[in-house]
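Chain by chain, the residues run as shown.
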Amino acid sequence: MKDLKHLIYFENLLDETNNELVRKAKEDGKLALGFTCYHMPEVLLNVDNCFSVRMRAPNAGSLDIASYYMSNYTCEYCRALLERSIEGGYNFLDGICGVDACAQMNRCMENIELLKCVDKPNFFVTHADIPYKYTDYTLKHYVTQMQNRVLNTMHEKLGVDISDAALRDAVARHNEICRVITEIGDLRKAENPVITGYEYHVIVLVSQVCPHDLILPYLEETLAELKTRRPEAEFPFRARVVLAGSEIDDPEFTKLLESCGAMVVADRYCFGTFPGREEIEIHSGETAFDAVCRHYLHHNQCVRFMDGAKIDQRHSELRRLAEDYGADGIIYESMKFCEFWSYEKVLASHVLQQEMGIPCCTIEKEYTLGSVGQLRTRFQAFVESLEIKKLGHKEV
C-alpha cells in the first residue's frame, strides 16, 4: 500500500514525551497533565486550558536508578516512568494525576513526588482511590474521588475552570477525536483492510500523547486519505488476531507481531481503544461530570476489577471483538512482574479456549521489548496453529 502521508511525522512525535506538539501547546500557555491509566478520565484532564499526556518512556535504556528506589522485581513500565522522571523527561508537566490501581505504580508516583523530579511552584502529584467493582455506591465513591482528588486539585493549584460548561466543552472535544479514531479503527473490519495494525497503533498513540486540538487536523486528513487508499491486491497476512493485555505503548511490538504474519485487527490493551475511544453520552438532567464518571467506570475493562460481573464483561468483550473484527485468535500479553495481568492471563486463557472455543496465545514481555527472538518464535508457532485450524475446517 502507499505510505500514509503523516506516518513518519507521527512516529517522530512518539520518539519523545516532550514532542513538537506538546512544546507548541506549552508555548501557547496551556497546562500539561500526565496520567497513566484509563481509571483516570482523560477528558477531565482536557478541561479549560489543560491538555492530557499519557505517560510513556520511549527509547528507554537502563533502569538502574529507578530499580534502586523500586527494586528489580517491580513492573518495568513503572520503573521506566520513574527513570524518565529522574532524567528530567517530564519537566514540562504541570501535574500528574495518578490512581491507586496497583502498588507498583503507587511507588512510582510516590518517588516522583518525594524526589521532586519536577521542580515547579504549583506542580502536583495527586492520587485517586479506585473501586474494585461497579455498583451504585462504588460509583458514588468514584465521583467523590474524581472531584476531590482531580478537579478540585486542578482548580486550587492551577486555577483551572471546572464548571459544568467547561466540562461539557471538554466532552464535546473529546467525542470529536473519538469519532475520528473509531472510524479509522473500523476500517480493520474489512477482509482486506486499507490500514495495518502497526499504523493504527501509531495513530492511536499520538492521539493520547499530543494535545487534541493540534493532532486532530492530522488525524482527520489521515482518515480522508485512508478512505481513498487502495489495499494490497491480496490480504498480506496469514491470520487476524485481537491483541489484549497490559501496557503496550511501543508500536514496534505490533510491528514484530505483524512481521510474523498476524495482523492486529483489534486492540484490547492499556493504551488501546477498547476501552478508550468510546464517545461519552450525557443523559438528560445529568451533569457532564457525572456522565464522565459513569461512562469511565462502566466501560472500564481493567483487570483490577475483581467482581464476577466485570470479569465476565472482560471475557465477553474479547469474544465480541474477535467476532466483529473477524479474528482467528487472541494474543494475551502481560508485563513482566505485573501481578494483576499475570493472574488474568491465566484465567482468560482458560475461559477463551475451553469455554468460548477461541484460540489463545499467552506471552509475558518486558517493557523495553527484550527477548524478541523468543516472542517471534511464539508468534510464528501460534500463526501456524491458526492456519492448521483453518485448513481443518475447510476439509470438514
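Structure: above.
Residues numbered from 1 in each chain as written. Predicted model: local features only at pLDDT ≥ 70, side-chain atom pairs only at ≥ 80, totals over all residues. Heavy atoms only, no water.

## A word on the overall build of the protein chain
- Scanning the protein chain for helices and strands turns up 14 helices and eight strands.
- Its C-alpha atoms give the protein chain a radius of gyration of 21 Å, within 12% of the compact-globule value 21 Å for 396 residues.
- Projecting the C-alpha coordinates of the protein chain onto the three principal axes gives extents of approximately 70 × 45 × 45 Å.
- The buried share of the protein chain, reckoned over its 396 residues, is 57%.
- Only carbon and sulfur atoms are counted for the fraction: they give 49% of the accessible area of the protein chain, which is about 16600 Å².
- Averaging the coordinates of the 44 positive side-chain charges in the protein chain and doing the same for the 61 negative ones gives two points 1 Å apart. (Helix = DSSP H or I, 4+ residues; strand = E, 2+ residues; numbered from the N terminus. Rg over C-alpha atoms; globule rule 2.2 N^0.38 Å. Buried < 20%, exposed > 50% of the residue type's maximum accessible area, 1.4 Å probe, protein only. Areas by Shrake-Rupley, 256 points an atom, 1.4 Å probe, with all protein chains shown as cover. Lys, Arg positive; Asp, Glu negative; His and termini not counted. Charge placed at Lys NZ, Arg CZ, Asp CG, Glu CD.)

## Comments concerning the sheet that holds strand 3 (residues 95-100)
- Ordered by their spatial adjacency, four strands build an open sheet running 2-1-3-4, and the pairing between neighbours is parallel. The sheet terminates laterally at strand 2 (50-54) and strand 4 (124-129), the two strands that pair on one side only. Here the average twist between neighbouring strands, direction ignored, is 25°.
- Here five bridges tie strand 1 (residues 31-35) to strand 2, and the two strands are oriented parallel to one another. Bridge assignment links L33 to a residue of strand 2, and that residue is S52. (Pairing = 2+ DSSP bridges. Axes fitted to C-alpha atoms, helices over the stretch in contact; angles between N-to-C directions.)

## Describing the packing of helix 12 (residues 308-324) against helix 13 (residues 339-355)
- Two numbers describe how helix 12 lies on helix 13: the axes approach to 11 Å, and their chain directions differ by 55°. Here helix 13 runs oblique to helix 12, going by the angle between their axes. Here the hand of the crossing between helix 12 and helix 13 comes out right-handed. Of the residues in helix 13, those touching helix 12 at I311, R314, H315 and L318 are E344, L347, A348, V351 and L352.
- Residues of the contact of helix 12 with helix 13, tallied by class, amount to six nonpolar, one polar and two charged. (Parallel < 35°, antiparallel > 145°, perpendicular 65-115°, else oblique. Left-handed = near helix turned anticlockwise from the far one by under 90°. Contact = heavy atoms within 4.5 Å. Nonpolar A, V, L, I, M, F, W, Y, C, P; charged D, E, K, R; others polar.)

## Notes on unusual backbone geometry
- Residues F274 and P275 are joined by a peptide bond in cis, for which omega reads 0°.
- Here P275 shows up in the loop between strand 6 (262-270) and helix 11 (288-299).
- One non-glycine residue with positive phi stands out, namely D48, at about 55°.
- Turning to its location among the elements, D48 is positioned in the loop between strand 1 and strand 2.
- Located in the positive-phi region is F271, a residue other than glycine, with phi close to 80°.
- As for its position among the elements, F271 is in the loop between strand 6 and helix 11.
- We classify F271 as buried; its relative accessible area is 1%.

## With respect to the sheet that holds strand 8 (residues 360-365)
- The strand order across the open sheet formed by four strands is 6-5-7-8, and the pairing between neighbours is parallel. Two strands in the sheet have a free side with no partner beyond their single neighbour: strand 6 and strand 8. The sheet shows a mean angle of 20° between the axes of neighbouring strands, direction not considered.
- For strand 5 (residues 239-247) and strand 7 (residues 329-335), the ladder comprises five bridges, and the chain directions are parallel. Following the sheet pairing, A244 is matched in strand 7 by Y332.

## Comments concerning the pattern of salt bridges
- With the rule as written, the count across this model stands at 23 salt bridges.
- E42 is the salt-bridge partner of R277, the closest N and O atoms lying 2.7 Å from each other. With R277 in the loop between strand 6 and helix 11 and E42 in the loop between strand 1 and strand 2, this pair connects stretches of sequence that are 235 residues apart.
- With a relative accessible area of 3%, R277 lands in the buried category.
- On the basis of relative accessible area, E42 is assigned to the buried category, the value being 6%.
- Linking E286 and R294 is a salt bridge whose minimum nitrogen-to-oxygen distance equals 2.9 Å.
- Assessed through its relative accessible area of 15%, E286 is described here as buried. (Salt bridge = Lys/Arg side-chain N within 4 Å of Asp/Glu carboxyl O.)

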